[in-house]
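Per-entry structural report
The primary structure of each chain is shown beneath.
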Amino acid sequence: TIIGVERVNDFGRVQELRMTGDADTQAILASLMKLGRVTRFERTTPSLHDIFVRIAGSESMKPASRNDGVDSATKETPRA
């Protein structure tokens, strides 16, 4: 593990590192260079999708239950 790296997504020839807010990018780059050749190193901002997943977390990935507090039956109001 590399200090300052929370998660690594491996896309084959490209790896994406999720860093902590206080991560030292130069120290991370130096650690990566010890492990192998680095041809590109770039810091980017997260996409809106990444932000949503981080905020919503795993709760948004759970299927809704049949009894989630909403009555699924159709009710008719009697006419007077």
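Residues numbered from 1 in each chain as written. Predicted model: local features only at pLDDT ≥ 70, side-chain atom pairs only at ≥ 80, totals over all residues. Heavy atoms only, no water.

**Section: the overall build of the protein**
When helices and strands are counted, the protein shows two helices and two strands. The linear arrangement of helices and strands in the protein, starting from the amino end, is β-β-α-α. By the burial criterion, 10% of the 80 residues in the protein qualify as buried. Taking the contacts inside the protein whose residues are at least 6 apart along the sequence as the reference set, 19% of them involve residues at least 24 apart. When the accessible surface of the protein is totalled, it reaches about 7800 Å², and 53% of it is carbon and sulfur. (Helix = DSSP H or I, 4+ residues; strand = E, 2+ residues; numbered from the N terminus. Buried < 20%, exposed > 50% of the residue type's maximum accessible area, 1.4 Å probe, protein only. Contact = heavy atoms within 4.5 Å. Areas by Shrake-Rupley, 256 points an atom, 1.4 Å probe, with all protein chains shown as cover.)

**A few points about the pairing of strand β1 (residues 5-10)**
One ladder, built from five bridges, connects β1 with strand β2 (residues 15-19); its direction is antiparallel. Bridge pairing links asparagine 9 to glutamate 16 in β2. Following β1, the chain reverses through four residues before pairing antiparallel with β2; glycine 12 in that reversal takes a positive phi of roughly 90°. (Pairing = 2+ DSSP bridges.)

**A short note on the layout of surface pockets**
Approximately 970 Å³ is the volume attributed to the largest pocket. Surrounding the largest pocket, 25 residues form its lining, Gln15, Glu16, Leu17, Met19 and Glu42 being those nearest its centre. Where the lining of the largest pocket is concerned, the elements lending two or more residues are β2 and α2 (48-56). With five residues, β2 is the single largest residue contributor to the lining of the largest pocket. (1 Å grid on protein atoms, 1.4 Å probe; cavity = no way out; pocket = protein on both sides within 12 Å on 5 of 7 lines; lining within 4 Å. Points joined across faces, edges and corners; volume = space filled by probe spheres on them.)

**What to know about the confidence of the model for the protein**
Mean pLDDT over the protein: 79, with 71% of residues reaching 70 or higher. Mean pLDDT per element in the protein: α2 is the minimum at 87, and helix α1 (residues 25-35) is the maximum at 95. Note that pLDDT drops below 50 for residues 67-77; the model gives that stretch one contact with residues more than four away or on any other chain. (pLDDT = per-residue confidence, 0-100.)

**Some details on a nonpolar patch on the surface**
Where nonpolar side chains cluster on the molecular surface, the patch consists of Met33, Val38 and Phe41 and spans about 250 Å² of accessible area. In this fold, methionine 33 is placed in helix α1. (Patch = residues over 30% accessible without salt bridge, like charges linked within 9 Å, V, L, I, M, F, W, Y side chains within 5 Å. Salt bridge = Lys/Arg side-chain N within 4 Å of Asp/Glu carboxyl O.)

**A look at the pattern of salt bridges**
Enumeration over the complete set of coordinates arrives at one salt bridge. Between arginine 40 and glutamate 42 there is a salt bridge whose closest N-O contact spans 2.4 Å. Classification of glutamate 42 as partly exposed rests on a relative accessible area of 46%.

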